[in-house]
Amino acid sequence: GIQVEQSPPDLILQEGANSTLRCNFSDSVNNLQWFHQNPWGQLINLFYIPSGTKQNGRLSATTVATERYSLLYISSSQTTDSGVYFCAAHYGQNFVFGPGTRLSVLP
Amino acid sequence: EAGVTQFPSHSVIEKGQTVTLRCDPISGHDNLYWYRRVMGKEIKFLLHFVKESKQDESGMPNNRFLAERTGGTYSTLKVQPAELEDSGVYFCASSRTSSYNSPLHFGNGTRLTVT
């Protein structure tokens, strides 16, 4: 089956800093989503992005399907951005999750 | 529209007991998925319903887990008897179709603790 990798596994930022999270997938996928699991355990859908670039406030995402990767950009990070960021690749009729990037934003 | 709803939000049970988790998908979503995150590890697929039929249950860990979706609306996931390693967060998700252009919408999860 498909392998989904994320880097870095852990990231510590000072409030206001920018960051880039990466998601690599080993096979062609139908689509890709980014999620944020907040400290309360909720999974929040950030982007649904099969290709190209999307932006939502301080967050943006780019997927280059031909090269099998996606990037999540966080600008001017805030403490509320802390949590685990997952990418999930739509493969077949299912979504396969990466292991996540744990982000800690310090005040 | 109302989102995916899961109940309970938390459950603490003793080893050997039974627990039933419930998921109400977004109205009109034929596809319902169960995932879980155990011990802070990866989010793993458990199974996929299309309406009331099990499309894929390859992720179910063993026969202590039973999922149903009678009538193609809400779904239940029963763990009987529960073991310590079943502790984790169980997520339900729904999508309108199973095609690639139909995003997943997740519920808030049920945090299960087996003591």
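Details of the structure are given in the entry above.
Below you will find a few notes about this structure. What you see is a predicted model; the values in this text were computed from it and never measured.

## Re the state of the cysteines
Then, in step 1: Applying the stated criterion across every chain, the model contains two disulfides over all chains.
Then, in step 2: Covalently, Cys23 of chain A is tied to Cys87 of chain A through a disulfide, its sulfur atoms 2.1 Å apart. On the sign convention where negative is left-handed, the bridge of Cys23 of chain A and Cys87 of chain A, at about 75° about the S-S bond, is right-handed. Placement of Cys23 of chain A in strand β3 (residues 19-25) and of Cys87 of chain A in strand β9 (residues 83-91) is noted, with a sequence separation of 64 residues between them. Side by side, Cys23 of chain A and Cys87 of chain A carry an identical accessibility label, which is buried.
Then, in step 3: Two residues, Cys23 of chain B and Cys92 of chain B, share a disulfide whose sulfurs are 1.8 Å apart.

## Observations regarding the pattern of salt bridges
Residues and elements named next belong to chain B.
Then, in step 1: Throughout the structure, instances matching the rule amount to six salt bridges over all chains.
Then, in step 2: Residue Arg22 pairs with Asp24 through a salt bridge whose shortest N-O separation is 2.7 Å.
Then, in step 3: The class for Arg22 is partly exposed, based on a relative accessible area of 31%.
Then, in step 4: Of the residues examined, Asp24 reaches a relative accessible area of 27% and is grouped as partly exposed.
Then, in step 5: In this structure, Glu42 engages Lys44 in a salt bridge whose closest nitrogen and oxygen atoms are separated by 3.7 Å.

## Quick look at the packing of aromatic side chains
How two aromatic rings sit relative to each other is set out by the distance from centre to centre and by the angle between their planes.
Then, in step 1: As enumerated under the stated definition, the model contains ten aromatic pairs over all chains in all.
Then, in step 2: Relative to Tyr35 of chain B, the ring of Phe97 of chain A has its centre 5.3 Å away and its plane inclined at 75°; by these criteria the two rings are edge-to-face. Pair noted here: Phe97 of chain A is in strand β10 (residues 94-97) and Tyr35 of chain B is in strand β4 (residues 31-38), and the two residues belong to different chains.
Then, in step 3: Of the residues examined, Phe97 of chain A reaches a relative accessible area of 3% and is grouped as buried.
Then, in step 4: For Tyr35 of chain B, a relative accessible area of 0% puts it in the buried group.
Then, in step 5: Relative to Phe106 of chain B, the ring of Phe97 of chain A has its centre 5.8 Å away and its plane inclined at 75°; by these criteria the two rings are edge-to-face. Residue Phe97 of chain A is found in strand β10, and its partner Phe106 of chain B is found in strand β10 (residues 105-106); the two belong to separate chains.
Then, in step 6: Judged by its relative accessible area of 11%, Phe106 of chain B is buried.
Then, in step 7: Over the aromatic face of Tyr69 of chain A sits the side chain of Arg22 of chain A, whose NZ or CZ is 4.2 Å from the ring centroid.
Then, in step 8: Above the ring of Tyr74 of chain B, the side-chain terminus of Arg22 of chain B is found at 3.7 Å from the ring centroid.

## Regarding the sheet that holds strand β8 (residues 69-74) of chain A
All names here are of chain A.
Then, in step 1: Ordered in space as β1-β3-β8-β7-β6, the five strands form an open sheet in which the pairing is antiparallel. In this open sheet, the two edge strands, each paired with only one partner strand, are β1 (4-7) and β6 (52-56). Each neighbouring strand pair of the sheet contributes to a mean axis angle of 15°, computed without reference to strand direction.
Then, in step 2: Here six bridges tie strand β7 (residues 59-64) to β8, and the two strands are oriented antiparallel to one another. Bridge pairing in β8 links Val64 to Tyr69.

What counts as what
- Residues numbered from 1 in each chain as written.
- Chains lettered and ligands numbered in written order.
- Predicted model: local features only at pLDDT ≥ 70, side-chain atom pairs only at ≥ 80, totals over all residues.
- Heavy atoms only, no water.
- Disulfide = S-S within 2.5 Å.
- Helix = DSSP H or I, 4+ residues; strand = E, 2+ residues; numbered from the N terminus.
- Buried < 20%, exposed > 50% of the residue type's maximum accessible area, 1.4 Å probe, protein only.
- Salt bridge = Lys/Arg side-chain N within 4 Å of Asp/Glu carboxyl O.
- Phe/Tyr/Trp six-rings, centres within 6.5 Å; stacked < 30°, edge-to-face > 60°.
- Lys NZ or Arg CZ within 6 Å of the ring centre and 35° of its normal.
- Pairing = 2+ DSSP bridges.
- Axes fitted to C-alpha atoms, helices over the stretch in contact; angles between N-to-C directions.

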